[in-house]
Amino acid sequence: MSYAVIGAGPSGLAAARNLQRFGIPWQGYELADGVGGLWDARAPRSTVYDSAHLISSKTTTQFTEFPMDDAVADYPSHRELLAYFRAFAEHFDLEAGFRFGTEVTRVQPADGGGYEVTTSGPEGERTQHHTGVLLANGTLSEPHVPTFPGHFDGELLHTSAYKSPTIFAGKRVLIIGAGNSGCDIAVDAVHHAAAVDISVRRGYHFVPKYLFGKPSDTLNQGRPLPAKIKQALDSRVLRLFTGDPTRFGFPEPDHKLYESHPIVNSLVLHHLGHGDLSVRADVERFDGSSVVFRDGVRREYDMIVLATGYRLHYPFIDRQLLRWNPPAAPDLYLNILNPDQPDLFVLGMIEASGIGWQGRYEQAELVASSLRARTERPAAAAALQSRARGPRPDLSGGYRYLGVERMAYYVNKDAYRRAVRREIDALGLRP
């Protein structure tokens with residue numbers, strides 16, 4: 001009996017570590033030549049850029065059993081994070097369990113049970129049988145590239161291809177999308193480009209990285225406040241620190257604070273206030289060297305950067321096996337457990353402000369403890385599988401999230417972690 005772990009980023013390492021903790025044999029597969037996932041800028045499908053840092057602080061993001069060194073910055077760079085993951089893997093002796101430079105090309109149910117995992121790597125194409133599979137290949141590798149009417153004559157790239165701001169030197173740049181990556185890249189671009197605009201479809205809530213001299217996500221870490229009270233209090237605090245973003249041309253948000261992922265970047269407001277950057281309306285069409293916006297404004301650009309996010313991407317497995325609900329996301333219990341395929345799991349398919357890697361670690365702990373429970377506490381394991389077939393729990397924490405595709409697997413961190421830990425406790429096992 002062995003379980004396949006696909007990916008050696010944070011979720012894959014959490015999977016490997018918890019299978020190890022519970023004494024369950026496993027074999028890992030990773031396309032890159034080492035651990036780290038997207039945080040390894042040299043990895044084939046990494047989407048990090050030179051200036052990339054965490055948007056959450058290290059204390060709310062790190063694995064609890066392996067804290068980051070005190071010398072690491074509050075908001076570590078991708079270089080510090082890669083070193084952290086390598087240290088984690090070395091400390092728990094996980095690297096030996098992975099086949100690096102190995103791409104999983106197909107996962108399919110095997111006759112008689114289990115799964116056939118086909119890979120391509122240094123040893124050529126191989127197919128190996130596994131009792132089960134843990135998909136942990138991440139959610140930020142497959143770019144979402146929308147189409148626009150018309151044609152643009154200049155350079156067009158997605159943020160996934162962006163690495164260094166030197167590409168902006170002397171150019172008129174339009175960034176489409178004001179998510180966290182879009183705002184980060186806008187701040188990079190203003191130091192090199194001739195002009196920088198950012199096109200937005202809706203308004204946003206901006207959260208500075210520091211409040212009262214501390215990383216903002218380390219405040220209010222006790223018992224969570226009810227959603228309405230937290231929204232009211234935090235909105236007032238943010239107005240004091242960031243002001244009103246509509247002053248700089250952003251539309252009024254069509255959602256309340258925390259009902260979509262906030263923008264953890266106050267530098268973009270700084271540059272707007274200094275005239276280094278301008279906000280534009282949503283794009284209507286491309287027209288040669290120009291872009292026409294929905295408010296009728298036309299501007300000329302040399303380069304367009306699509307900060308339009310990513311799609312879930314599990315290309316090596318039939319979507320029906322994941323209970324995919326197009327175009328949104330797989331329909332899984334707690335975004336992990338598949339009631340139709342009890343030995344097929346997805347890890348890391350969550351977005352939540354402040355969930356951190358510990359939230360993903362707890363996902364992996366639930367999977368590993370449920371596998372052990374099948375032999376040591378079969379009634380508890382069966383009860384979990386029964387709940388996986390039933391109604392989905394409310395993981396919103398009282399927030400009304402935006403009804404858009406990218407929010408299909410968004411959860412409230414407190415509600416989600418409580419639900420996962422409740423299931424771990426119900427299994428009644430500790431390694």
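Our subject is the structure listed above.
This write-up is about the structure you can find in this document. Model, not experiment: these values are computed from the prediction.

### Re the overall build of the protein
From N to C terminus, the protein includes 9 helices and 22 strands. On C-alpha atoms alone, the protein measures out to a radius of gyration of 22 Å, which is about the 22 Å that the 2.2 N^0.38 rule sets for 431 residues. Each principal axis of the C-alpha atoms in the protein carries an extent, and together these give about 65 × 50 × 45 Å. Split into buried and exposed, the 431 residues of the protein put 54% on the buried side. Intrachain contacts of the protein at a sequence separation of at least 6 include 68% that bridge at least 24 residues. When the accessible area of the protein is evaluated, it comes to approximately 19000 Å², of which 49% is carbon and sulfur surface. Seen as two clouds, the 47 positive and the 49 negative side-chain charges of the protein have centres 6 Å apart.

### Things to note about the packing of aromatic side chains
Within this structure, the stated rule accounts for 26 aromatic pairs. Relative to Y399, the ring of Y258 lies with its centre 6.1 Å away and its plane at 85°, an arrangement referred to as edge-to-face. Residue Y258 is found in the loop between α5 (227-242) and α6 (267-273), and its partner Y399 is found in the loop between α8 (378-389) and α9 (413-427); the two are separated by 141 residues along the sequence. We classify Y258 as buried; its relative accessible area is 18%. Ring-pair connections join several aromatic residues into one group, and the members of that group are F63, F66, Y84, F85, F88, F92, W357 and Y361. Sitting over the ring of Y75, K209 keeps its end group 4.8 Å from the ring centre. When the ring centre of F248 is taken as reference, the NZ or CZ atom of R247 above it lies at 5.0 Å.

### Here's the deal with a nonpolar patch on the surface
Together, F212, L240 and F241 line one region of the surface with nonpolar side chains, adding up to about 380 Å² of accessible area. Along the chain, L240 falls in helix α5. Taking relative accessible area as the criterion, L240 reaches 73% and is therefore assigned exposed.

### Here's the deal with the sheet that holds strand β10 (residues 172-176)
In spatial order, the strands read β9-β18-β10-β11-β14; together these 5 strands make up an open sheet with parallel pairing. Of all strands in the sheet, those bounded by a partner on one side alone are β9 (155-158) and β14 (278-280). Across this sheet, the average inter-strand angle for adjacent strands is 25°, counted without regard to direction. Contacting β10 and β11 (195-199), helix α4 (residues 180-189) runs over the sheet at an angle of about 165° to β11.

### A word on the pattern of salt bridges
Summed over the entire model, instances satisfying the criterion amount to 29 salt bridges. Between R372 and E376 there is a salt bridge; the shortest N-O distance is 3.1 Å. You can see R372 and its partner E376 sitting in helix α7 (residues 356-376), 4 residues apart, about one turn around the helix. For the salt bridge of R430 with D425, the shortest nitrogen-to-oxygen distance reads 3.0 Å. Exposure remark for D425: the relative accessible area of 48% places this residue in the partly exposed category. A single salt-bridge network, built from bridges that share partners, covers R323, D331, D340 and R392.

### Digging into the sheet that holds strand β4 (residues 103-109)
On the basis of which strands lie adjacent, the open sheet formed by 3 strands has the order β4-β5-β6 and antiparallel pairing. Looking at strand neighbours, the two that pair on one side only are β4 and β6 (124-130), the edges of this open sheet. Across the sheet, the mean angle from the axis of one strand to that of its neighbour is 20°, orientation sign disregarded.

### Regarding the environment of L306
With respect to the helices and strands, the residue L306 is situated in strand β18 (residues 303-306). The class of L306 is buried, set by a relative accessible area of 3%. Separated by 124 residues in sequence, L306 and G182 place their C-alpha atoms 8.0 Å apart. Sequence-distant contacts of L306, defined by excluding residues within four places in its chain, comprise V145, F148, L156, L157, H158, T159 and I176.

### Some words on α7
Side chains of residues three or four places apart in an α-helix project in the same direction, reflecting 3.6 residues per turn. The terminal C-alpha atoms of α7, which comprises 21 residues, lie 30 Å apart, in line with the 30 Å expected from a rise of 1.5 Å per residue. With 17 of its 21 residues buried, α7 lies for the most part within the structure.

How each quantity is defined
- Residues numbered from 1 in each chain as written.
- Predicted model: local features only at pLDDT ≥ 70, side-chain atom pairs only at ≥ 80, totals over all residues.
- Heavy atoms only, no water.
- Helix = DSSP H or I, 4+ residues; strand = E, 2+ residues; numbered from the N terminus.
- Rg over C-alpha atoms; globule rule 2.2 N^0.38 Å.
- Buried < 20%, exposed > 50% of the residue type's maximum accessible area, 1.4 Å probe, protein only.
- Contact = heavy atoms within 4.5 Å.
- Areas by Shrake-Rupley, 256 points an atom, 1.4 Å probe, with all protein chains shown as cover.
- Lys, Arg positive; Asp, Glu negative; His and termini not counted.
- Charge placed at Lys NZ, Arg CZ, Asp CG, Glu CD.
- Phe/Tyr/Trp six-rings, centres within 6.5 Å; stacked < 30°, edge-to-face > 60°.
- Lys NZ or Arg CZ within 6 Å of the ring centre and 35° of its normal.
- Patch = residues over 30% accessible without salt bridge, like charges linked within 9 Å, V, L, I, M, F, W, Y side chains within 5 Å.
- Salt bridge = Lys/Arg side-chain N within 4 Å of Asp/Glu carboxyl O.
- Pairing = 2+ DSSP bridges.
- Axes fitted to C-alpha atoms, helices over the stretch in contact; angles between N-to-C directions.
- Expected span 1.5 Å × (residues − 1).

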